[in-house]
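The primary structure of each chain is shown beneath.
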Amino acid sequence: MKAMFGLILALAATTTRAHVHNLVDLQVIDRDTGRIIEVHHKGGRAYVAGEPGHRYAVMMQNRTGERVMAVLSVDGVNAVTGETADPYQGGYVLGPYERAEINGWRKSMSEVAQFVFSAPEWSYAARTGRPQNVGVIGVAVFRERAPVYLPPPSPPIYRDDDWRRKNAQAPSAANEAEAMAQRGQAAPATGAAADAAAPRAKRERSEDFASELGTAHGRREWSQVNTTQFERRSARPDEVVEVQYDTFEHLVERGVIRQPRWGRDEPRAFAGSFVPDP
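Our subject in this report is the structure included herewith. (Residues numbered from 1 in each chain as written. Predicted model: local features only at pLDDT ≥ 70, side-chain atom pairs only at ≥ 80, totals over all residues. Heavy atoms only, no water.)

**Quick notes on the nonpolar core**
Buried together is how nonpolar side chains tend to be arranged in soluble globular proteins. In this structure, Tyr56, Val58, Met60, Leu72, Ile102, Trp105 and Phe115 are the most contacted members of the largest nonpolar core, which totals 37 residues. With 4 residues, strand β7 (residues 68–74) is the largest single contributor of residues to this core. Formed by 6 residues, the second largest nonpolar core is a distinct cluster that contains Val71, Ala140, Phe142 and Phe230. (Core = buried A, V, L, I, M, F, W, Y, C linked by side-chain atoms within 4.5 Å. Buried < 20%, exposed > 50% of the residue type's maximum accessible area, 1.4 Å probe, protein only. Helix = DSSP H or I, 4+ residues; strand = E, 2+ residues; numbered from the N terminus.)

Here you go:
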């Protein structure tokens, strides 16, 4: 199986778990209040209520004693590469029992653009023409294949005739350089050039999940990572964790968050602190 490359986070910290799974726990943290956003459940799905304009972070914790790769999708976009999210893309590699706080869209090995709750039409996904999955955060988790250590192969032994024939068939350095240049020219545009060329999309919602929040491309901040080699144990994710997010008011309207139905004209069991005179 082809080796995959992921990203190792340099720093991570938190102490509370909320959305528990077998391999990786997932939390959403409001960075402007410092609070872990409470998770609500309905119909087998998990929901969190975000505050428009607030910065947030995705906290992932590896619950196993081995390394795992977590491919992070925000609004259907890979948070590392900016591609339309697919489980088989690159992601973050977490060491045994490691916690990692992801604060934004990865811009380089040392910088991210902050995750910010915004109107759906101002989300990064919508502005790059991909509004279909706005309002969902998810990770595809892969276990690591155990390394197999093999002795180095012995160098080939050629007879004189074989050696001359081998050299005659080998490509020259110039040909190889030309081939590399051609491959470089054929590479798709990425980074700022791709962002500038991306069309701005109008607000587009699905009937099944019409979120009133999206994730904008906020200010840049320092976030150092390193590369590492990671070979997936399986071609399919070992676990997929998904959280939907929306405004508090809209989650109440949708029946995800229940509020007391007390009102002015409704009877209340605990109306005052002491017994008044009749």
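**Re a negative patch on the surface**
Where like charges cluster on the molecular surface, the negative patch consists of Glu51, Glu212, Glu249 and Glu253. With respect to the helices and strands, Glu249 occurs in helix α5 (residues 248–253). (Patch = residues over 30% accessible without salt bridge, like charges linked within 9 Å, V, L, I, M, F, W, Y side chains within 5 Å. Areas by Shrake-Rupley, 256 points an atom, 1.4 Å probe, with all protein chains shown as cover. Salt bridge = Lys/Arg side-chain N within 4 Å of Asp/Glu carboxyl O. Lys, Arg positive; Asp, Glu negative; His and termini not counted. Charge placed at Lys NZ, Arg CZ, Asp CG, Glu CD.)

**A closer look at unusual backbone geometry**
Residues other than glycine seldom take positive phi values, yet Asp75 does so here, at roughly 60°. Of note, Asp75 is situated in the loop between β7 and β8 (77–78). On the basis of relative accessible area, Asp75 is assigned to the buried category, the value being 1%. Despite not being glycine, Tyr97 has its phi angle at roughly 60°, a positive value. By relative accessible area, Tyr97 is classed as exposed at 52%.

**Topic: the pattern of salt bridges**
This structure, assessed with the given rule, holds 10 salt bridges. Across the salt bridge formed by Glu66 and Arg233, the nearest N and O atoms sit 2.9 Å from each other. Of this pair, Glu66 sits in the loop between β6 (55–62) and β7 while Arg233 sits in the loop between β15 (225–230) and β16 (239–247), and the two are 167 residues apart along the sequence. Here Glu66 falls in the partly exposed class, since its relative accessible area comes to 22%. Residue class for Arg233 comes out partly exposed when judged on its relative accessible area of 38%. In this structure, Glu144 engages Arg67 in a salt bridge whose closest nitrogen and oxygen atoms are separated by 2.7 Å. In this pair, Glu144 sits in the loop between β13 (136–143) and α2 (160–169) while Arg67 sits in the loop between β6 and β7, placing the two residues 77 residues apart along the sequence. Of the residues examined, Arg67 reaches a relative accessible area of 21% and is grouped as partly exposed.

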